[in-house]
Amino acid sequence: MNIDFSPEELAFQQEVRSWFAENLPAELKRKTELGIMLSKDELVVWQRILNAQGWLVTGWPKEYGGPDWTPTQRYIFDMERARANAPIGLSMGIIMLGPVLMAYGTQEQKDYYLPRIRNCEDWWCQGYSEPGAGSDLASLKTMAVSDGDDYIVNGSKIWTTYGHWANRIFCLVRTSTEGKKQEGISFLLIDMDTPGLEVRPIVSIDGEHHLNETFFTDVRVPKKNLVGKEGQGWTVAKYLLTHERTTIAGVADSKVHMANLKRMARENGANGEPLMNDPSLRQKLAKAEINLLALEYTNLRTLAATAAGKAPGPESSLLKLDGTAVQQQLSELGVELSGQYAWPWKADDGVGPDEFAATTMRYAFTRAATIYGGSDEVQKNVIAKMVLGLNFK
Amino acid sequence: MHFNLSDEQKLIRNAVDKFIRNDYSFDARKKVLALENGFSPEHWRQFADMGWLGIPFSEDQGGLGGGVVDIVQVMEAFGTGMVLEPYLSAIVLAGGLIARGGSAAQQEALLPALIGGEKLLAVAYTERESRFNPADVQTRAEKSGDGYLISGEKAVVLGAPTADALIVSARTGGGRLDTQGISLFLVDSKAPGVEITGYRTMDGGCAGNVRLNKVQVGADALIGGEGAGFALLDEAVDHATVAACADALGAMQSAMRKTVEYLKTRKQFGVPIGSFQALQHRAVDLFTAVEACRSMVLMASLKVTDKDPVARRMAVSAAKQFVGEKARLVAQQAVQMHGGIGMTEELDIGHYFRRLTMFCAQFGTTDYHLKRYADLMAAAA
Ligand SMILES: Cc1cc2nc3c(=O)[nH]c(=O)nc-3n(C[C@H](O)[C@H](O)[C@H](O)COP(=O)(O)OP(=O)(O)OC[C@H]3O[C@@H](n4cnc5c(N)ncnc54)[C@H](O)[C@@H]3O)c2cc1C
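Reading the values: the criteria
- Residues numbered from 1 in each chain as written.
- Chains lettered and ligands numbered in written order.
- Predicted model: local features only at pLDDT ≥ 70, side-chain atom pairs only at ≥ 80, totals over all residues.
- Heavy atoms only, no water.
- Helix = DSSP H or I, 4+ residues; strand = E, 2+ residues; numbered from the N terminus.
- Rg over C-alpha atoms; globule rule 2.2 N^0.38 Å.
- Contact = heavy atoms within 4.5 Å.
- Areas by Shrake-Rupley, 256 points an atom, 1.4 Å probe, with all protein chains shown as cover.
- Lys, Arg positive; Asp, Glu negative; His and termini not counted.
- Charge placed at Lys NZ, Arg CZ, Asp CG, Glu CD.
- Near = heavy atom within 4 Å.
- Polar contact = N/O pair within 3.5 Å; in protein donor to acceptor, adjacent residues only side chain to side chain.
- Buried < 20%, exposed > 50% of the residue type's maximum accessible area, 1.4 Å probe, protein only.
- Buried area = accessible area lost by both parts, 1.4 Å probe.
- Nonpolar A, V, L, I, M, F, W, Y, C, P; charged D, E, K, R; others polar.
- Salt bridge = Lys/Arg side-chain N within 4 Å of Asp/Glu carboxyl O.
- Domains from an automatic or database assignment.
- Phe/Tyr/Trp six-rings, centres within 6.5 Å; stacked < 30°, edge-to-face > 60°.
- Core = buried A, V, L, I, M, F, W, Y, C linked by side-chain atoms within 4.5 Å.
- Patch = residues over 30% accessible without salt bridge, like charges linked within 9 Å, V, L, I, M, F, W, Y side chains within 5 Å.
- Bend = angle between axes of the 7 residues up to and from the residue.
- Arc of directions from axis to C-beta.
- Axes fitted to C-alpha atoms, helices over the stretch in contact; angles between N-to-C directions.
- Parallel < 35°, antiparallel > 145°, perpendicular 65-115°, else oblique.
- Left-handed = near helix turned anticlockwise from the far one by under 90°.

Looking at the overall build of chain A
And then number 1: Per the secondary structure count, chain A includes 12 helices and 10 strands.
And then number 2: At 22 Å, chain A has a C-alpha radius of gyration in line with the 21 Å of a compact globule built from 393 residues.
And then number 3: By its C-alpha atoms, chain A is 75 × 50 × 50 Å across when sized along the principal axes.
And then number 4: Here the contacts in chain A between residues at least 6 apart in sequence split such that 72% fall between residues at least 24 apart.
And then number 5: Split by element, the accessible area of chain A, about 17,900 Å² in all, is 53% carbon and sulfur.
And then number 6: Charge separation in chain A, taken as the distance between the mean sites of 42 positive and 49 negative side-chain charges, equals 5 Å.

In structure tokens, the structure reads:
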């Protein structure tokens, strides 16, 4: 048993570290460190810089333009990326759609879409959830009715993250109301500028516009935009969920968040002493770091299994649960450290220390981490059934 | 022993409840939220006409002669509707301080206008690095002629942008953390040398940073004795803390009820999500939290008037620690059980979340009050 990186891996780590030091724009670093939302333009510019280096689609195989890294290299890269305070670049095209197309797409779809994702020509958003279909996703109602070479799509999607930035959306739609709910679902690619498609903003409790509602009224979509077979959409969607396990816990970003919090506690004072000298605050910081350590080692177990080409064990099922718990704990600590400087809401710069300005927004938005991507409750239901065998009917 | 409200107290509570129902629905509140500083002059007028601005003041002072229990009733009702107007900062905290410590002349000059809704006050006691300790004062007041020159900076002062006058804590003696040597001064917000940078707060209210640059005040601006302001401030903050707990109780109660209602109506997997035991148990956690907080608010409202400052402080810190902890639970779980819709600005749940989040640190976090309680407990032998 050995957790040390090999000399080659260490050299790789150095290479990545110096590259970030030289290439990450200062403004992006500042915003990421303070937890300030980035604009689409900022993200695209950054992704293009990464792509020029060949480091954007790190999880993709070589034939599709990936860097052909081992799982350990990808892990190291992610750690260094976070350590540099570089944005993760929440890109549904790279993380979600890319792997789906590789597994289920036609040659034509792969040839057309994959390079466009890599070169940041397309911004994809995810159209799964509906007002009536959240945790119970399979009950989705948005209909795609066959009409010659096209489908006619009617219905609505909700919570479409960055749908207002996207030019394309991948959707789960209902192509049949017969049989099992899951079997009537198909996976469809839709251009956002198709007539009949409308996006309306939803402002979230951090006061920002990340989310949208997307409406479809007689939207005509060519059948060649179907991914997989008609009725195979559920399988395709599920494939995504099992795909990338080694970064789902968000360890890299939480480690950096933790480091930033400790710095905040050292550099800001109260009653004549650094906040770090306050016994209860430092113990809370310590407890958060201990929880993070447990998460990191769970994550490493999954990584080790993946690196050895094995299927991850039962530990991987808690990565999302514990990972989001840590994220929420850290964001809560950010507010706690900020004291009354957590209260100013979208105030001008300089009313308090910069690093406290966005802590409440971050805390508020991080509440969503236990809601999206399978809520805490739904994750626990699955683990109880699938891992513990507590499955009674 | 009985814990019943008097007829008069019931009348006040019913009147405020009615106001929230008729004039402060979530949609009506959105309009207030859009106003400058989240303050509606019409509402304030209405509060004055209803006599609510006079509740904490004696009849001699032109008030209704109400007690803590009356204030708690108003605040709890305000909490259910998330009222944005600065009742807590202007009436309970600043007004209460003047009522308890102001000279006859000061009371005469300030209270009628405050009670009549014509003037607003705020207490500027927190500083850049004072966090929650009201004894941490670096702002200085130097003798000058028969008055004082005040210089320093106050941070995140609730209600500062709307206040006509500020009650400022400043050192006339002692070192940074000493309770001795703190004096309280009445300072006109428009006086030369006063600069207020206002902003909105996460709950929709307003606060501001106050810079004081050689602000000249007369000897008559001193509230209480020179160097003896801490006891007065500490007591006023304790009273305001109990009122804040009552507000939080109202907000928690509403968030809990709305969440339970949602569990009954939202369907997934063909059934109301309230049929899932995981959520049932959590709903019960919120319910028990709210009821236990009600007990703590009751306890604190009875003990905050204790003549013994140690007994008063312990009771207030016990309440703030307890209610703060439960407020966080209720805020977080109300959002969680709503799922995506709980994350939106559109729904009231997110607003309760932010109001309760702010409450958690108001007048001291749970940790601050746990330590305050523990230190007093240990010293009590
Ligand atoms: C910030 C954010 C971004 C999102 N981005 C996207 C996106 O880009 N694309 C997209 O398609 N979707 C997105 N979503 C939607 C997300 O996937 C859903 O919110 C999620 O599936 C939950 O569904 P719901 O909101 O309808 O809540 P509901 O399913 O109504 O759940 C409400 C509550 O009931 C609980 N619950 C439900 N079923 C059970 C059960 N069986 N047992 C116990 N408890 C249960 C839930 O855990 C939750 O606490 C996003 C959501 C958020 C908050």
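Focus: the site of the ligand
And then number 1: Near the ligand lie 26 residues; those nearest to it are Ser135, Thr161 and Ser375 of chain A together with Arg266 and Gln336 of chain B.
And then number 2: Chains contributing residues near the ligand are chains A and B.
And then number 3: Between Trp159 of chain A and the ligand, the recorded distance is 3.0 Å, taken from a backbone N or O atom to a nitrogen atom.
And then number 4: Take Gly340 of chain B: an N or O atom from its main chain is 2.7 Å from an oxygen atom of the ligand.
And then number 5: For the ligand, whose unbound accessible area comes to 970 Å², protein coverage reaches 94%.
And then number 6: The set of elements that each furnish at least two residues to the shell around the ligand consists of helix H12 (376-387) of chain A together with helix H9 (309-338) of chain B.

Quick notes on unusual backbone geometry
Note: most peptide bonds trans; most residues except glycine with negative phi.
All names here are of chain B.
And then number 1: With a phi close to 50°, Val156 is a non-glycine residue in the positive phi region.
And then number 2: Here Val156 is to be found in strand E3 (residues 147-158).
And then number 3: Accessibility expressed as a relative area gives 3% for Val156, which makes it buried.
And then number 4: Although it is not a glycine, Lys214 sits at a positive phi angle of roughly 50°.

Brief notes about the interface of chain B and chain A
And then number 1: On the side of chain A, 48 residues touch chain B, which itself brings 45 residues to the contact.
And then number 2: When chain B packs against chain A, close to 3,900 Å² is buried across both sides, 57% of that on carbon and sulfur atoms.
And then number 3: Sorting the residues of chain B by area buried against chain A places Arg131, Gln336 and Met343 of chain B first, and these three jointly supply 20% of that buried surface.
And then number 4: Counting across the chain B and chain A interface gives 27 residue pairs in polar contact (both at pLDDT 80 or more).
And then number 5: Elements that contribute at least two residues to the side of chain B that touches chain A include exactly E3, strand E6 (194-200), helix H8 (277-303), H9 and helix H10 (348-361) of chain B.
And then number 6: Of the residues forming the side of chain B that touches chain A, the biggest block, six residues, is contributed by H10 of chain B.
And then number 7: Its residues assigned to classes, the side of chain B that touches chain A comprises 15 nonpolar, 17 polar and 13 charged.

Regarding the environment of Asn209 of chain B
And then number 1: Take Asn209 of chain B: it is sitting in strand E7 (residues 206-217).
And then number 2: Each C-alpha atom, one on Asn209 of chain B and one on Gly227 of chain B, is 24 Å from the other, the two residues being 18 residues apart in sequence.
And then number 3: Look past the residues within four positions of Asn209 of chain B in its chain and what remains in contact with it is Val351 of chain A together with Lys154, Ala155, Val156, Glu195, Ile196, Thr197 and Tyr199 of chain B.
And then number 4: Within the structure, Asn209 of chain B has its side chain in polar contact with the backbone oxygen of Val351 of chain A (distance 2.8 Å).
And then number 5: Among the polar contacts made by the side chain of Asn209 of chain B, one reaches the main-chain amide nitrogen of Val156 of chain B at a distance of 3.0 Å.

Some remarks on the side chain of Glu332 of chain A
And then number 1: Along the polypeptide, Glu332 of chain A turns up in helix H10 (residues 319-338).
And then number 2: Ignoring anything within four residues of it in the chain, the contact list for Glu332 of chain A reads Tyr363 and Arg367 of chain A together with Arg328 and Gln332 of chain B.

Quick look at the pattern of salt bridges
And then number 1: All chains considered together, the criterion is met by 46 salt bridges over all chains.
And then number 2: Between Asp136 of chain B and Arg176 of chain B there is a salt bridge, with the nearest N and O atoms lying 2.8 Å from each other. Of the two residues, Asp136 of chain B is situated in the loop between strand E1 (121-124) and strand E2 (140-144) and Arg176 of chain B in the loop between strand E4 (165-171) and strand E5 (182-188); the sequence distance between them amounts to 40 residues.
And then number 3: Its relative accessible area of 1% is what places Asp136 of chain B among the buried residues.
And then number 4: Among the residues examined, Arg176 of chain B registers a relative accessible area of 25% and is labelled partly exposed.
And then number 5: Salt bridges sharing partners connect three or more residues here, namely Arg116, Glu121, Asp122, Arg168 and Asp191 of chain A.

Some thoughts on the domain arrangement of chain B
Residues and elements named next belong to chain B.
And then number 1: Per the domain assignment, the segments of chain B are domain 1 (7-120), domain 2 (122-228) and domain 3 (231-380).
And then number 2: Taking the mean C-alpha position of each, domain 2 and domain 3 sit 30 Å from one another.
And then number 3: Between domain 2 and domain 3, the contact holds 14 residues from the first and 14 residues from the second.
And then number 4: For the pair domain 2 and domain 3, the summed buried surface comes to about 1,200 Å²; carbon and sulfur atoms form 76% of the total.
And then number 5: The tally of links between domain 2 and domain 3 comes to zero salt bridges.
And then number 6: Across the contact surface, domain 2 and domain 3 share two residue pairs in polar contact (both at pLDDT 80 or more).

So, the packing of aromatic side chains
Think of a pair of aromatic rings as described by two things: how far the centres are apart, and how the planes are tilted against each other in angle.
Residues and elements named next belong to chain A.
And then number 1: Taken as a whole, this structure holds 32 aromatic pairs over all chains when the rule is applied.
And then number 2: Both rings, one in Tyr113 and one in Trp124, keep their centres 5.5 Å apart while their planes meet at 75°; by these two values the pair is edge-to-face. Linking Tyr113 in helix H6 (residues 107-118) with Trp124 in strand E1 (residues 124-127), this pair joins segments that are 11 residues apart in sequence.
And then number 3: The class for Trp124 is buried, based on a relative accessible area of 2%.

Things to note about the nonpolar core
And then number 1: Ranked by internal contacts, the top residues of the largest apolar core, which has 141 residues, are Leu337 of chain A together with Phe78, Tyr87, Leu97 and Val323 of chain B.
And then number 2: Those residues in contact with Leu97 of chain B, other than ones at most four positions away along the chain, are Val92, Gly102, Val123, Ile167, Leu184, Ile223, Leu232, Leu233 and Ala236 of chain B.
And then number 3: Of all hydrophobic cores here, the second largest spans 66 residues; its members include Leu140, Phe170, Cys171 and Leu172 of chain A.

Some words on the domain arrangement of chain A
Residues and elements named next belong to chain A.
And then number 1: Domain boundaries assigned for chain A yield domain 1 (7-89), domain 2 (122-232) and domain 3 (245-387).
And then number 2: Put simply, the middle of domain 1 and the middle of domain 2, counted by C-alpha atoms, are 30 Å apart.
And then number 3: Each side of the interface is counted separately: domain 1 has six residues, and domain 2 has six residues.
And then number 4: Taken over both partners, the interface formed by domain 1 and domain 2 buries close to 510 Å², and the fraction arising from carbon and sulfur atoms is 80%.
And then number 5: Summed over the shared surface of domain 1 and domain 2, the result is zero salt bridges.

Some details on a negative patch on the surface
And then number 1: Taken together, the side chains of Asp7, Glu8, Glu59 and Asp60 of chain B define an acidic patch exposed on the protein surface.
And then number 2: Relative to the helices and strands, Glu8 of chain B is located in helix H1 (residues 7-23).

Digging into helix H5 (residues 87-101) of chain B
And then number 1: The sharpest bend along H5 of chain B measures roughly 30° and falls at Gly95 of chain B.
And then number 2: Taking burial as the measure, the 15 residues of H5 of chain B include 14 buried ones, the bulk of the element.

Some words on helix H3 (residues 41-50) of chain B
All names here are of chain B.
And then number 1: Of the residues making up H3, those classed as buried are His43, Trp44, Phe47 and Ala48. Mapping the buried residues of H3 onto a view down its axis gives an arc of 145°, with all of them on the same face. In H3, those exposed residues whose orientation departs by more than 90 degrees from the buried face are Glu42 and Asp49.
And then number 2: Its buried side turned inward, H3 meets H1, helix H2 (26-34), helix H4 (68-81), H5 and helix H6 (104-115).
And then number 3: Just past H3, the residue Gly51 takes up positive phi, approximately 85°.

Quick notes on the packing of helix H1 (residues 7-23) of chain A against helix H4 (residues 71-83) of chain A
Residue and element names in this part refer to chain A.
And then number 1: The N-to-C vectors of H1 and H4 enclose an angle of 30°; their axes lie 9 Å apart at closest approach. The pairing of H1 with H4 is recorded here as roughly parallel in orientation. The hand of the H1/H4 crossing is right-handed. Between H1 and H4, the residues in contact are Glu9, Phe12, Gln13, Val16, Arg17 and Phe20 and Thr72, Gln73, Ile76, Phe77, Glu80, Arg81 and Arg83, respectively.
And then number 2: By residue class, the composition of the contact of H1 with H4 is five nonpolar, three polar and five charged.

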